[in-house]
Amino acid sequence: MIITLLVLLLNAAVQVINCAPTGQENNRTIRNYYITAEEIVWNYAPMGWDNLRDQPLENTPAKLYTVRTPTRIGAVYHKAIYRQYTSSAFKVPIAHDPGLGTLGPIIRAQAGDQVRILFYNKASKPHSLHPHTSKKTDSLPGKSVEPGLMYQYIWNIPSNVNFPVNQSSVAWTYASKSNTVGDLNAGLLGPIVIYKPGTLVKPSPGSTFERPQGIDQEIFTIMMTTDEGLSTYFSESVEEAGISLDTLETLRTDPLFEESNRMYHINSYVFNNNADLRVFYGKPVRWYVIAFELEDEDVHTAHWHGSTLLYHGHRVDVVDLMSVSFEVLDMIPDNEGQWLFHCHVGQHFEAGMTSFYEVEKEEYTGDEGWGK
Ligand SMILES: [Cu+2]
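Residues numbered from 1 in each chain as written. Predicted model: local features only at pLDDT ≥ 70, side-chain atom pairs only at ≥ 80, totals over all residues.

The name given to the chain in an unreviewed UniProt entry is Secreted multicopper oxidase, and the organism recorded there is Phycomyces blakesleeanus. UniProt's Sequence similarities (unreviewed entry) comment on the chain is quoted here verbatim: "Belongs to the multicopper oxidase family." (UniProt positions renumbered as here; feature names shortened; annotations may be inferred.)

Some words on the overall build of the chain
Along the chain, the regular secondary structure elements total seven helices and 24 strands. Across the 372 residues that make up the chain, the buried fraction comes to 39%. Taking all contacts inside the chain whose residues are at least 6 apart in sequence as the whole, residues at least 24 apart take part in 74%. (Helix = DSSP H or I, 4+ residues; strand = E, 2+ residues; numbered from the N terminus. Buried ≥ 20, exposed ≤ 12 C-beta atoms within 10 Å, placed from the backbone. Contact = placed C-beta atoms within 7 Å.)

Concerning the sheet that holds strand β11 (residues 189–195)
Hydrogen bonds along the backbone pair up the strands of a sheet, which may run parallel or antiparallel. The strand order across the open sheet formed by four strands is β6-β11-β10-β8, and the pairing between neighbours is mixed. Edge positions in the sheet fall to β6 (107–110) and β8 (130–131), since each has one partner strand and no second. Sheet topology places strand β10 (residues 169–175) next to β11; seven bridges connect them, and they run antiparallel. Within β11, the position partnered with T173 by the bridge is P191. (Pairing = 2+ DSSP bridges.)

Some points on unusual backbone geometry
Of note, the bond from T60 into P61 is cis; its omega dihedral lies within 30 degrees of zero at 10°. For N267, which is not a glycine, the phi torsion comes out positive at approximately 50°. Residue position: N267 is located in the loop between β15 (262–266) and β16 (278–280). Phi is positive for F271, which is not a glycine, with a value near 50°. With respect to the helices and strands, the residue F271 is situated in the loop between β15 and β16.

Comments concerning the environment of A175
Its location among the elements puts A175 in strand β10. Note on A175: 21 C-beta atoms within 10 Å, which makes it buried. With 13 residues separating them in the primary sequence, A175 and L188 have C-alpha atoms 5.6 Å apart. If near-sequence neighbours (up to four positions away) are discounted, A175 is found in contact with H130, H132, D183, L184, L188 and L189.

Section: the pairing of strand β1 (residues 22–25)
With four bridges connecting them, β1 and strand β2 (residues 28–43) associate as antiparallel partners. From the neighbouring strand, G23 faces β2, where its bridge partner is I30. Hairpin connection between β1 and β2: a loop of two residues separates the two successive antiparallel strands, and N26 in this loop has a positive phi of roughly 50°.

Observations regarding the sheet that holds strand β14 (residues 217–227)
Taking strand neighbours across the sheet as the criterion, the six strands line up as β15-β14-β17-β22-β19-β20 in an open arrangement whose pairing is mixed. This sheet does not close on itself; its edge strands, each paired only once, are β15 and β20 (314–316). Between one strand axis and the next, the sheet turns by 30° as a mean value, whatever way the strands run. Both strand β19 (residues 309–311) and β20 contribute to a ladder of three bridges, which runs antiparallel. Counterpart to L309 in the pairing with β20 is V316. (Axes fitted to C-alpha atoms, helices over the stretch in contact; angles between N-to-C directions.)

What to know about the nonpolar core
Among the nonpolar cores identified, the biggest contains 84 residues, and F119, L188 and M223 are the most heavily contacted of them. Tallying contributions element by element places strand β17 (residues 285–292) first for this core, with seven residues. Those residues in contact with M223, other than ones at most four positions away along the chain, are I266, A291, H300, A302, L321, C343 and M353. (Core = buried A, V, L, I, M, F, W, Y, C linked by C-beta atoms within 7 Å.)

A few points about the confidence of the model for the chain
Scored by pLDDT, the chain comes out at a mean of 90, with 92% of its residues at no less than 70. Of the regions scoring below 50 in pLDDT, residues 1–18 engages in eight contacts with residues more than four places distant in sequence or in other chains. (pLDDT = per-residue confidence, 0-100.)

Quick notes on the pairing of strand β7 (residues 114–121)
Burial analysis of β7 places six of its eight residues in the buried class, the great majority of the element. Where β2 lies against β7, eight bridges are found, and the strand directions are parallel. Paired with I35 across the strands is F119, a residue of β7. Both β7 and strand β9 (residues 150–156) contribute to a ladder of seven bridges, which runs antiparallel. Paired with F119 across the two strands is Y151, which belongs to β9.

This is the structure:
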């Protein structure tokens with residue numbers, strides 16, 4: 001009876017806060033997001049090939065990290081991720097760009113806005129959704145949302161955010177704080193972008209969401225060493241790989257087993273198995289480059305082949321990423337073709353922290369039928 005009442009109350013509350021993606025209240029723009037935590041089975045190497053070296057994954061060095069054997073989990077792990085829905089009914093998911101991998105949906109707002117996130121934990125363990133912050137987290141409201149329950153987070157974005165010169169947006173991240181290390185390694189992490197007021201506009205009157213004006217395209221990447229051995233869902237990964245608990249006990253003393261569960265990835269893809277990162281010749285693209293991990297060796301150098309980018313007013317093709325970094329760079333691609341984007345730290349490069357991006361030239365031949 002009590003449970004029924006709780007569910008009814010929860011439903012009633014949800015009805016009240018079920019409103020359009022954007023609204024106004026007390027001169028603040030309200031931005032509503034409906035985000036779940038849900039479990040998936042994720043393959044870090046879905047193409048089944050070492051595309052960097054153009055050779056089978058069974059060859060060194062990919063074998064240790066990607067091939068399932070009786071004593072290795074391989075490239076497939078049980079994970080938890082954030083996903084976005086259209087309303088508090090949580091029935092219609094918003095299409096998620098496969099290029100983002102396990103990264104969560106992009107939470108966009110302008111300085112001075114209020115972000116309201118209705119979080120629904122569809123996973124089987126407690127999780128939450130908080131902006132990365134240095135504040136003490138022990139007493140955070142909504143720190144641990146039990147499976148099957150919802151919680152609404154309200155964030156007031158300060159109106160006095162400082163933006164770098166010639167840059168209309170800054171990046172941040174959100175993550176689960178229920179089990180900080182376990183949930184991060186499980187995949188519960190996503191980007192936040194805060195724009196200068198007046199930047200987010202509807203591309204057409206009927207659009208559901210606003211897009212940033214003056215930025216043709218945005219790309220989000222994360223370089224990270226995910227230690228699946230520390231994930232909240234590691235026991236599920238072990239079970240799904242057919243490894244018994246007795247075998248696991250022995251394996252846990254094997255340093256190579258521990259290493260095989262560290263995935264050196266970009267957007268949760270290794271050895272250039274990434275989903276399409278496509279940019280367009282001559283069209284400005286803003287790259288948000290994130291690093292987020294908690295281990296000492298997790299410092300990365302993001303490096304682009306084929307293009308240079310503007311970074312704090314100077315031109316670069318590499319940017320340093322310390323353990324928790326959110327960097328913003330602007331590129332105007334001027335080299336057609338497929339290029340490498342990878343971490344330049346030797347060991348990470350060897351272990352698969354490499355990807356391709358594609359510069360496509362849009363050419364009009366005159367045969368498209370216009371003007372006839
Ligand atoms: Cu690296």
